[in-house]
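# Topology and contacts: notes
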Amino acid sequence: MITLNNIGKAYNGKIVVDIAACNIAEGELVGLVGNNGAGKTTLFRLLLDLVRADRGEVLSKGVNVAGNENWKQFTAAYLDEGFLITYLTPEEYFYFIGKLHNRTKADVDETLKSLETFFDGAILQNGKYIRDLSKGNQFKVGIASCLIQNPQLLILDEPFANLDPSSQMRLIKMLRELNEQKRITILISSHDLNHITDICKRILLMEKGKIINDLPVSADTLTELENYFKV
Amino acid sequence: MQIFMAFIIVYLLATAIVLGFSVSTIINKAFPNQDPEKVFCGFILYYFLFDMLFRFLWQELPTLSIQPYLAQNIQRKQLTRFLNIRSLFTFLNLLPILLFIPFAVSSIFQTDGSAAAIAFIICIISLTCFNHFTILFIKRKTIINGWWLVAFFVTIALCMAGDYFNVFSVSAISSTVFLHILKTPLLCIIPIALAFFSVVNNTRFLKQNLYLEELSSASAKKESANYTWLNRFGIYGELIGLDLKLILRNKRPRSAALMSVALLFYGFLFYKPETIEQGQYGVLLLGATFVTGIFIITYGQFLFAWHGNFFDGLMAGNFTLQQYIKSRFLLFAGVGTITFMLVSFYGFMSWKILIIQLAAYLYNTGFNTVLSIYFATRSYKGLDLSKSASFNYQGTGAAQWIYGLVFMLFGAIVYLPFALLFNAWAGVIAIGLFGLVNILLQDWWVQILANQLMQRKHKILEGFREK
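These figures come from a predicted structure and were not determined experimentally.

### Description of the environment of Asn 150 of chain A
All names here are of chain A. Secondary-structure assignment places Asn 150 in the loop between helix 5 (135-148) and strand 7 (153-157). A C-alpha to C-alpha distance of 14 Å links Asn 150 and Tyr 78, two positions 72 residues apart in sequence. Those residues in contact with Asn 150, other than ones at most four positions away along the chain, are Arg 103 and Lys 182.

### Comments concerning the domain arrangement of chain B
Taken domain by domain, chain B holds domain 1 (2-217) and domain 2 (233-466). Relative placement of domain 1 of chain B and domain 2 of chain B: their C-alpha centres are 32 Å apart.

### Here's the deal with the interface of chain A and chain B
At the interface, 33 residues of chain A touch 38 residues of chain B. Summed over both partners, the interface of chain A with chain B comes to about 3,100 Å²; 53% of that surface belongs to carbon and sulfur atoms. A per-residue breakdown of the area chain A buries against chain B is headed by Leu 50, Tyr 87 and Leu 100 of chain A, which together make up 22% of the total. The interface formed by chain A and chain B holds four salt bridges in total. A per-element tally of the side of chain A that touches chain B places helix 2 (residues 90-100) of chain A first, with five residues.

### Observations concerning the domain arrangement of chain A
All names here are of chain A. On domain assignment, one finds that chain A holds domain 1 (1-73 + 153-159 + 183-231) and domain 2 (75-150). Each of domain 1 and domain 2 was reduced to a C-alpha centroid, and the two centroids are 25 Å apart. Counting residues at the interface gives 14 residues for domain 1 and twelve residues for domain 2. Interface area for domain 1 against domain 2, summed over the two sides, is near 1,100 Å², with a carbon-plus-sulfur share of 62%. Seen at the junction of domain 1 and domain 2, the total is one salt bridge. Linking Asp 80 and Arg 45 is a salt bridge whose minimum nitrogen-to-oxygen distance equals 3.2 Å. The tally of links between domain 1 and domain 2 comes to six residue pairs in polar contact (both at pLDDT 80 or more). The set of elements that each furnish at least two residues to the side of domain 1 that touches domain 2 consists of helix 1 (40-47) and strand 7. The greatest single-element share of the side of domain 1 that touches domain 2, amounting to five residues, is contributed by strand 7. Among the residues forming the side of domain 1 that touches domain 2, the class breakdown is nine nonpolar, one polar and four charged.

### Here's the deal with the pattern of salt bridges
Across all of its chains, the model carries 19 salt bridges over all chains by this definition. For Lys 105 of chain A, the salt bridge goes to Asp 109 of chain A, with nearest N and O atoms at 3.9 Å. Here the residue Lys 105 of chain A and the residue Asp 109 of chain A both occupy positions in helix 3 (residues 105-114), the gap between them amounting to four residues, near one helical turn. Its relative accessible area of 30% is what places Asp 109 of chain A among the partly exposed residues. Its salt-bridge partner being Asp 51 of chain B, residue Arg 55 of chain B comes within 2.6 Å of it at the nearest N-O pair. Taken as a pair, Arg 55 of chain B and Asp 51 of chain B lie in helix 2 (residues 36-58) at a separation of four residues, close to a single helical turn. Residue classification places Arg 55 of chain B among the buried residues on the basis of a relative accessible area of 0%. Where salt bridges share partners, they join Asp 18, Arg 55 and Lys 210 of chain A into one cluster.

### Some words on the packing of aromatic side chains
Note on aromatic pairs: each is described by the distance of the centres and the angle between the planes. All chains considered together, the criterion is met by 37 aromatic pairs over all chains. Taking 6.4 Å as the distance between ring centres and 45 degrees as the angle between the ring planes, the aromatic pair formed by Tyr 93 of chain A and Phe 94 of chain A counts as tilted. In this structure, Tyr 93 of chain A and Phe 94 of chain A share a single accessibility class: buried. Centroid distance Phe 340 of chain B to Tyr 361 of chain B: 4.6 Å. Interplanar angle 15 degrees. Geometry classified as stacked.

### A closer look at the confidence of the model for chain A
Of the residues in chain A, 100% reach a pLDDT of 70 or more, and the chain-wide mean stands at 90. Within chain A, the element-level pLDDT minimum falls on helix 8 (residues 221-229) of chain A, averaging 87, and the maximum on strand 8 (residues 185-189) of chain A, averaging 94.

About the criteria used
- Residues numbered from 1 in each chain as written.
- Chains lettered and ligands numbered in written order.
- Predicted model: local features only at pLDDT ≥ 70, side-chain atom pairs only at ≥ 80, totals over all residues.
- Heavy atoms only, no water.
- Helix = DSSP H or I, 4+ residues; strand = E, 2+ residues; numbered from the N terminus.
- Contact = heavy atoms within 4.5 Å.
- Domains from an automatic or database assignment.
- Buried area = accessible area lost by both parts, 1.4 Å probe.
- Salt bridge = Lys/Arg side-chain N within 4 Å of Asp/Glu carboxyl O.
- Polar contact = N/O pair within 3.5 Å; in protein donor to acceptor, adjacent residues only side chain to side chain.
- Nonpolar A, V, L, I, M, F, W, Y, C, P; charged D, E, K, R; others polar.
- Buried < 20%, exposed > 50% of the residue type's maximum accessible area, 1.4 Å probe, protein only.
- Phe/Tyr/Trp six-rings, centres within 6.5 Å; stacked < 30°, edge-to-face > 60°.
- pLDDT = per-residue confidence, 0-100.

The structure is reproduced here in structure tokens:
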């Protein structure tokens, strides 16, 4: 699905991403962990061609994402509020995203219905613009907009950070189902080691822009990671 | 850009001083049989009337993101005082002083004595002060309620119209008032009172509204809107719908749009009966380009920046950059066409204006759109829509005029060779045809501009993220 070839990015001489090679196969559920400044978000932005790489390339389905726009059709991502059009109501935003992917209103409604418990009554028909929602609810809108797109590749940056515990559990369940039933390739980052070892089958540990460890998840992975992050 | 502005300002100030000292000689020459003092006094209120208009467009509101200070140990009184005093440092306040005081010194002092001269100077300073704070107040009001903008322009327009159609004479009123003051210097208390009132009023308003940011956000229930008539344009319609909602639901773009509407009346400044009779088509064309292109100028100068808050999402969204660029063209074309239809009422003044506006409309839709989008791919500064506009009036200052000037300059390059070689109508036709050709070439432009955006989109994104 995704191949990173010798990709590098530096800001003012400080290296943020520096990855010699990495391959993510179709249908994988991969977690990205690392302290702040490890380069997780920048790596995600590189995948979406939102940041220009200093060297190397990102191949999505074998095609370089820079200078090509085909990946947009099968990639859904939510990194931060910069993806939300905050002066729309959630409904307007969902239908807008749906339209961009040629999904009918009925299609969108169906997806939204399946998200009813996840929304917990705080998103739809609330008479609020997205900008008036709490940060956690904004995140839910972002995640939902990704699901509306029916993607083959889903990228979420720290999706658990702003959610309440129940929503975190529901999200874990949803992501697992999407991955197992629809074979969607999923990439998420998180600081929550429990969650990430719980759902991911493979974990990439990043430090100063490099992937310093590429672990298949086993019973020992959590302890291993906890040892790494111990101060 | 800043250097350019500084040059203009220094030039204006120098002219003002020279003018101020030579005004009595000029008046003597122009109106040989009249008392220069009377003529000059007749001119003062005119000046302050236009000053109001200019201030409205040029004077920037003093901005201060008030929130961090509210929690600190600073009294609200001090905050408002700081805002008021800082706002005073603008060249618009220097101008009347440089223009009128030399006259007071050189002329009034000699004929009416020192008391009259001092009273005169006090009057000028008070009126400047009055204009200054009244405009600050009105500008702040317009941000909260767009009708203030309309009311302001209507009032100014009524004053001018009343004078124009001889209902009353601004100059007669002005000379009566000021000659009285020169006779009885104590009367200068009245302008002082006016100035004082405007300061107090403005301060009171500021104090009351220091909490404004919190007050405005929570309120009515927000409804979803669906512009079905846009559906037939597919993805372009969706993107244009975003802009319409952007304008309707955010204060800053809304005031920009309202400003465009108000500026439609600028036609009256350009299309004067004398100008039409004398066949000064260059001036008419300039006016027509401005009036028909006003939306491109006001909205277009922040074309991508309006989307700054969600540009990441847009650039990762499922549409091509070509489609994005094309949607900009269509937005301009749509609004431009509506503007064109609205301003055809100027056609009542002369059929010539209709034709000139048609040419200008084609030129704007064909070519100014290209310029606007090109500039957008080169501006890396985002706007924060979520910031309330109440202490923020960026976007309606001098920069807009510079931007407009560049547009006009390109027009002149097309117009002048034909106008000078053949005649003015040839120039007008050249402008229209030039626009038309560019409209036909639009898909080619879309391709070029999309490439430009592709090249610089990372830089734009980076700039927009910083804010």
